[in-house]
Amino acid sequence: MIAGTGRSAPERVLTNDGFAAIGIETSDEWIRERTGIRSRHIAGPADSVTSLAAAAARGAMEAAAVNAGELDSIVVATASPDHLLPAAAVELQAALGASRAAAFDVNAACAGWIFGVTVAEGLIAAGSAETVLVVGAETLTRITNWKDRNTCVLFGDGAGASIVKRASRGRGILSAYTRSDGTLAKLLWRPAGGGVNPVTPEALADGTFWIHMQGREVFKHAVRSMADACDRALDAAKLSSDSIDLVIPHQANIRIIEATAKHANVPMDKVYVNIDRYGNTSAASIPIALDEAMRTGRIGEGATVLFVGFGAGFTWGSLVVRF
Ligand code: COA
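Residues numbered from 1 in each chain as written. Predicted model: local features only at pLDDT ≥ 70, side-chain atom pairs only at ≥ 80, totals over all residues. Heavy atoms only, no water.

## What to know about the environment of Leu 174
Tracing the backbone shows Leu 174 in strand β8 (residues 172-180). Here Leu 174 falls in the partly exposed class, since its relative accessible area comes to 31%. Residues Leu 174 and Pro 86, spaced 88 residues apart in sequence, show a C-alpha to C-alpha distance of 33 Å. With sequence-adjacent residues up to four places away left out, Leu 174 is seen in contact with Ala 237, Leu 239, Thr 304, Val 320, Val 321 and Arg 322. (Helix = DSSP H or I, 4+ residues; strand = E, 2+ residues; numbered from the N terminus. Buried < 20%, exposed > 50% of the residue type's maximum accessible area, 1.4 Å probe, protein only. Contact = heavy atoms within 4.5 Å.)

Right under this line is the structure:
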């Protein structure tokens, strides 16, 4: 079960109108109509995946009344770690002083938190953990090409954290579904910066170091895969969409969210939306939304929540959770 949640976002906020000042030819109207985004948080010099993840984790641990020494595992979902080696999770472990925890990352891009919670559930089922911290944390704006208006208007930074414990009294994960299709990897990727095309001055100059995306193609696959994920998780939980109290989708684009809700036959007032204030924070988007929903009373005891995500890879998945 999800025993506590937390979130954190950098203080600095960039509104759509702010792009003009950094020389990007766009408009508030274009961004709002195409994506639903109005503003996003941007990491400042003092922010990092570790600092944002640690702040979110402290909030989740407090909410769950768990201290760092009780964590058996730490799973960090991120596509923008502070270092390529070692994992972001061990940096978080050190920041929290969670000395007993086994710490590792999950890179499933924007679906990362769903994959992370699924892994946490598996660790608990296998008997190797009782208390798992799952964090989605990103500083995507540091791997974004700030000269490419097709992508730089979309992303934001932040972290969301959740404490996962063994299900009790009917509360917990009712179903989990995860899928991937690596044949489509190059529709959303970073061509350089890894072992095959290391970072070079050329890779920085020609933009291959940064995120590349074929937006229209990604859009189509996102709509299709999010719909598939909703169906699979509901089927596996033997529930119809009427029994869902809230849908928390990955926040990539309001039109993708609306298409997903329509497919799942869930009215928009049962769908949590905060893309207007955060943009796409990748693995952090769902756990940030979850924490907002918890703290504003949108999720009460006994509520049944459908989580659904999609990201680079492609990766996609869903969870049905009873709180
Ligand atoms: N401001 C103004 N114009 C822009 C722009 C911006 N920020 N970005 C692109 N444009 C222009 C393009 O240059 C293009 O102009 P052209 O027709 O003169 O060439 C035009 O807008 C349309 O571009 P297109 O890419 O076809 O727009 P779109 O309707 O597909 O919307 C996205 C673009 C990126 C918003 C949309 O494709 C999308 O959301 N895709 C999914 C992205 C996503 O969610 N990724 C993460 C998945 S986890």
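There's plenty left to go through after this.
## Some points on the site of the ligand
Taken together, the neighbourhood of the ligand is formed by 22 residues, with Thr 26, Arg 34, Gly 215, Arg 216 and Asn 253 sitting nearest. Here Trp 30 contributes a side-chain N or O atom positioned 3.4 Å from a nitrogen atom of the ligand. Between Arg 149 and the ligand, the recorded distance is 3.0 Å, taken from a backbone N or O atom to a nitrogen atom. When the ligand sits alone it has 960 Å² of accessible area, and the protein chains cover 76% of it. Secondary structure elements with two or more residues in the shell around the ligand: α1 (28-35), α5 (149-152), α7 (215-237), α8 (254-264) and β12 (304-311). (Near = heavy atom within 4 Å. Polar contact = N/O pair within 3.5 Å; in protein donor to acceptor, adjacent residues only side chain to side chain. Areas by Shrake-Rupley, 256 points an atom, 1.4 Å probe, with all protein chains shown as cover.)

## Concerning the sheet that holds strand β7 (residues 157-165)
Strands sit in the order β1-β7-β6-β4-β5 across an open sheet of five strands; the sheet is mixed. Across the chains shown, the open sheet's two edge strands, defined by having one partner strand only, are β1 (2-8) and β5 (102-106). Looking at each pair of strands side by side, their axes are set apart by 15° on average, direction ignored. As defined by bridge partners, strand β6 (residues 131-139) adjoins β7 across nine bridges and the pair is classed as antiparallel. The partner of Ala 137 across the bridge, within β7, is Ala 159. Most of the contacts of helix α2 (residues 49-64) go to β1, to which it runs at about 145°, and overall it touches β1, β6 and β7. Sheet strands touched by helix α10 (residues 285-295): β1, β6 and β7. Its angle to β1, the strand with the most contacts, is close to 110°. (Pairing = 2+ DSSP bridges. Axes fitted to C-alpha atoms, helices over the stretch in contact; angles between N-to-C directions.)

## Section: the packing of α2 against helix α3 (residues 88-96)
The interhelical angle for the contact between α2 and α3, taken along N-to-C directions, is 60°, at an axis separation of 9 Å. Classified by the angle between their axes, α2 and α3 sit oblique to one another. The chirality of how α2 crosses α3 is right-handed. In contact with Val 49, Thr 50, Ala 53, Ala 54, Ala 57, Arg 58 and Met 61 of α2, α3 contributes Ala 88, Glu 91, Leu 92, Ala 95 and Leu 96. For the contact of α2 with α3, the residue count by class is nine nonpolar, one polar and two charged. (Parallel < 35°, antiparallel > 145°, perpendicular 65-115°, else oblique. Left-handed = near helix turned anticlockwise from the far one by under 90°. Nonpolar A, V, L, I, M, F, W, Y, C, P; charged D, E, K, R; others polar.)

## Things to note about the pairing of β1
Summarising burial for β1: five of the seven residues are buried, a large majority. Taken together, the six bridges between β1 and β7 define a ladder with antiparallel strand orientation. Following the sheet pairing, Arg 7 is matched in β7 by Gly 160.

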